Each structure stands twice: as structure tokens, then as C-alpha cells.
Amino acid sequence: MKLITSHESTDFDALASCVGLQKLFPDSVIGVSGGFSPNVHQYLAIHGDRFRTQRCQDLDLSQVDLLIVTDVRRRSRLTHVEPVFERAARNPRSVRILVWDHHPSTADDVHADEEHVQPVGSVTTLIVEELRARGAEIDREEATLFSLGIHEDTGSLAYARSSSRDATALAWLMGQGAQLGLLQRFLRPRLDAVERDLLVRLLGAVHDLPRFGASIGIAPLETAEVPPSLADVSAEAFRLLPHDALFCAYRLPNGKTHVIGRAQASAVPVGAILQELGGGGHAGAGSAVVRDAPLDQVVGLLHAVVERRCRRPQVVRELMSSPVRTVTPEMPLSELAHSLEEWGHTGAPVIRDGKLVGMISRRDVERAQREGRGSLAVSSCMAHQVRTVGPDAPLPEALDQMQAYNIGRLPVLDGARIIGILSREDVLGYLYEESPC
Ligand SMILES: [Mn+2]
């Protein structure tokens, strides 16, 4: 028997990659561990006859001579086919094991005869590429399912781990008849009453960790009721909250705390962090279950691991422009316009007796000239209310400030002294080179 399987609580990437592999390996069987993620469960309620799966516990695993594992390769997440691994260890010739995956490797990985592992956003992408290369024909139901797999794991190509290969695969699937109207129906979880209640409480429980390379929130919650999907609640919270990374810690009545992490920023390696709590995942998403520990202890542990694992943020001093060209309040606007032109600047800080007293921009000068006030001095149209930043402030914090108050040039003050300026140009260079969040 040729058996294709994936991880427990089968999600769309797992199911789609199983179905794709079944096309590559005709006469194979898709065996699941039993649990589906809620949206896959709803999908199969309608598509269950079209895409058939069987429970591994109902199969005679001693008959498996080819095992194909997809979207996972950690043995601890494949306990439903453990007898096959044991047999392979005893008698390697009795079964071939193939792995298709896109997760980082761990010490717990199964030993495979053949590995197809690439760091793409969704493992379905790898299988779609293979189908396409072999000239396989796919119908619109298959094209739609493969699209669901790629959309789910890449956040519709918006997660940082998405690759151009995922986009190329999606484009091809659209050409093969993928029904885009059906994507939202199955991708967005439909939260039930318990989940909605939990989501509201979760939003109230979130607190910010000190700044790292990204903004990180932790939401600890005790819950008496266990909803169908903690992952869906966490995903919705992450969508709503402004954090670059979010860790939700749910303590259930059985004493176990489920920690679910999501991140947009590569500065927060969620999988590696949760691996230290006994779980795992990849850069953008992961989970862990901690037994027999009070919630505040789990939060403390999480805090310590984040502290150790997260990249320190760059600070303003490293990126600011200095020395700063400044002007005086008495300078005539016409002279200022000339100087800005010469410096190639769009504005300048205004200094009196060594102290910052205002900011003036090229736009202010142009407006004054239009309104016939061009002969006045800088003090007549400078902004007196000036937002500033300290040299050791984390860059993401300065970025938030520029974004929230629409500031193009942020003066950097060391005490009362201006020592630099952070411009739009400086932060653009940072955002696009580092792509931190
Ligand atoms: Mn996946």
C-alpha cells in the first residue's frame, strides 16, 4: 500500500498537498490522524466524496511499502504512523519513506529515503510545481483546493515567509480554473459563540513586551470552556491587533496551557521560541503545550525565551543623519528656500541659543511665498510643537511615531542638544533593506 499522510489537525496546506501527491502517486491512499482544523472540517463536509481520506487507525499499516509524509517531518507529530517508522528502523528494505515539507529541520525529523524540502510559504507550492512540470491536468476543484493550501499558509501571500514561487503557483492555479469566490468562504474561520467570547477576552488581556526588533504582545487567558479551535481565535486576534508578533496563552481546565504564536516579523522566530517550551513551528507561526504550570509561570518563561531569542532592535542613533543643518528663527524665508534647495533637504530644525524651538519645511516656505509672506522670517511660519526622539530609542518606536503623526523629519535630541535627524529617507532605507517588520 502507498500511504500519504500529514500532521494531526490537518489544515488546508496538509490536505491540499496530500491530494496533490495522490495525483503524483496514483493508487495511493490518504491517511489522516483523525483531527481536521475547523475550516477543513467544514470544507470536507461538502467535498468529502470528491477528496477521500481514511483514518490511519482503520488501515493495516503493516501493508505500507511506500510512506509519503507531507507538510511535517517531525516524528513526534506523526504518531499515527509510528508503527511504519518502527518497521523501517528494523527493516529498511520493507518500506520507502518520502518527505515533502517546507518547515525548518529539527533533531526529531524522520529519516527519509527521499526529501523534497524547500523554504517556500506552503508545501502545496512544491507539489503544484511538480504537477505542472509533469504536465498533469487538474480540474477546478483541485485548483481551488491547492489555492486554499497556498493562501492559508502564506496569508494570501502577505506573510513574510511567502515566496515568489507561491505567487507563481497561485497564478497558474487561477489559470486552471481555481474558484476565487470560494476562497474566503473556507479560509476565514467562522467563530462560534465560545470562540467569539474568548476573542473578546483575549483582546482585553493582551499586554506589550518591551521593544525588541518588533512589537510583541502576550495575551494570557484562563478559560473554563474549550472552543473548537484556539488557533482560529489566535489568528483572528493577530489580524485585529497592531503587533508584529502575538503569543496567546490559554490555560484550560485540564491544567494544560496552549501557547499559540503568530508573527509577521522575522525578528521574532516564533517556531524556535515555542520549541523551547516543548512545541515548535516555523518563523511565522507555532504552538506549544505546557503542562502543570500556572499561567503566570508560562508567561514568565515565554518572556525569558523571547528576551534571549529576539534580535535586539536597531536604535535611532545608528540610522540618523548627522551633523544636522539648522537654521535660526530670524533667517528670511527667501534665504531658507535657497539653503534647502542647496542642501537638498525638505525641511530643517530651527535653533535659538543652542535649543530646538521649531521645525520648518519646504512646504511651509512655499505656502508663505504663495500667500505673499515670502519676505518674512522663519519664525513666522515654523511649527512650534515639535516631536522628538532620543538617540537610544528603538527604531521601530521612531517609525511608529513618524507614521502616527505624519512626521517626515524627526529631530534627535540628546538632552536639550540636537545631535541628528531621522528622515523619511533614512527609515525607507532601513525598512526595505532589513525588512524587519
Ligand atoms: Mn504548511
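Just so you know, these numbers come straight off a predicted model, no measurement behind them.

### Observations concerning the packing of aromatic side chains
What the rule picks out here adds up to two aromatic pairs. Ring centres 5.3 Å apart and planes at 85° place the aromatic pair F12 and Y43 in the edge-to-face group. Taken as a pair, F12 in helix 1 (residues 12–24) and Y43 in helix 2 (residues 38–47) lie far apart in primary sequence, 31 residues in all. Comparing F12 with Y43 shows no difference in burial state: the two are buried. Look at Y43 and F186: their rings are 5.2 Å apart centre to centre, the planes differ by 85°, and that puts the pair in the edge-to-face class. Here Y43, found in helix 2, pairs with F186, found in helix 7 (residues 183–187); they are 143 residues apart in sequence, far enough to count as distant. For Y43, a relative accessible area of 2% corresponds to the buried category. Through pairs of rings, three or more aromatic residues link up here, namely F12, Y43 and F186. The residue whose ring lies beneath R185 is F186, and the NZ or CZ to ring-centre distance is 5.9 Å. The ring centre of Y405 lies 3.5 Å from the NZ or CZ of R387, which sits over that ring.

### Remarks on the domain arrangement of the protein
You can read the domains of the protein as domain 1 (2–187), domain 2 (193–309) and domain 3 (316–434). A straight line from the C-alpha centre of domain 1 to that of domain 2 covers 26 Å. Opposite the nine residues of domain 1 that make contact, domain 2 presents 11 residues. Both faces considered, domain 1 and domain 2 share a buried interface measuring about 800 Å² in area, 53% of it formed by carbon and sulfur atoms.

### Some remarks on unusual backbone geometry
Glycine aside, residues mostly have negative phi angles, and peptide bonds mostly take the trans form. For the peptide bond that leads from S322 to P323, omega is -5°, which places it in the cis range. Tracing the backbone shows P323 in the loop between helix 12 (316–319) and helix 13 (333–343). Residue S9 is not a glycine yet carries a positive backbone phi of 40°. Tracing the sequence through the fold places S9 in the loop between strand 1 (2–5) and helix 1.

### Comments concerning the coordination of the manganese ion
With distances of 2.1 to 2.3 Å, the protein atoms coordinating the manganese ion are D13 (OD), D71 (OD), H102 (NE2) and D153 (OD). When the donor residues of the manganese ion are listed from N- to C-terminus, their spacing reads D-x57-D-x30-H-x50-D. In this pair, D71 sits in the loop between strand 4 (66–70) and helix 3 (82–90) while H102 sits in the loop between strand 5 (96–101) and strand 6 (114–117), placing the two residues 31 residues apart along the sequence. The two residues D71 and H102 agree in class, both being buried.

### Describing helix 6 (residues 164–175)
With 12 residues, helix 6 should cover 16 Å at 1.5 Å per step; its first-to-last C-alpha distance of 17 Å lies within 8% of that length. For helix 6, every residue scored as buried is listed here: D166, A169, L170, W172 and L173. Angular distribution of buried residues about the axis of helix 6 spans 160°; they occupy a single face of the element. More than 90 degrees from the buried face of helix 6, the exposed residues found are S164 and G175. Looking at the buried side of helix 6, the elements it contacts are helix 4 (123–133) and helix 5 (140–154).

### So, the nonpolar core
Core analysis: the biggest nonpolar cluster contains 39 residues, and L21, Y43, I68, L145, F146 and L173 have the highest contact counts within it. Considering every element that reaches this core, the biggest residue donor is helix 1, with seven residues. Setting aside residues up to four positions removed in sequence, L145 forms contacts with F12, L15, A16, V19, Y43 and F51. With 26 residues, the next largest nonpolar core counts L209, F212, V290 and V306 among its residues.

Each value, and the rule that gives it
- Residues numbered from 1 in each chain as written.
- Predicted model: local features only at pLDDT ≥ 70, side-chain atom pairs only at ≥ 80, totals over all residues.
- Heavy atoms only, no water.
- Phe/Tyr/Trp six-rings, centres within 6.5 Å; stacked < 30°, edge-to-face > 60°.
- Helix = DSSP H or I, 4+ residues; strand = E, 2+ residues; numbered from the N terminus.
- Buried < 20%, exposed > 50% of the residue type's maximum accessible area, 1.4 Å probe, protein only.
- Lys NZ or Arg CZ within 6 Å of the ring centre and 35° of its normal.
- Domains from an automatic or database assignment.
- Contact = heavy atoms within 4.5 Å.
- Buried area = accessible area lost by both parts, 1.4 Å probe.
- Donors = N, O, S within 2.8 Å, 3.2 Å for Na, K, Ca; no water.
- Expected span 1.5 Å × (residues − 1).
- Arc of directions from axis to C-beta.
- Core = buried A, V, L, I, M, F, W, Y, C linked by side-chain atoms within 4.5 Å.

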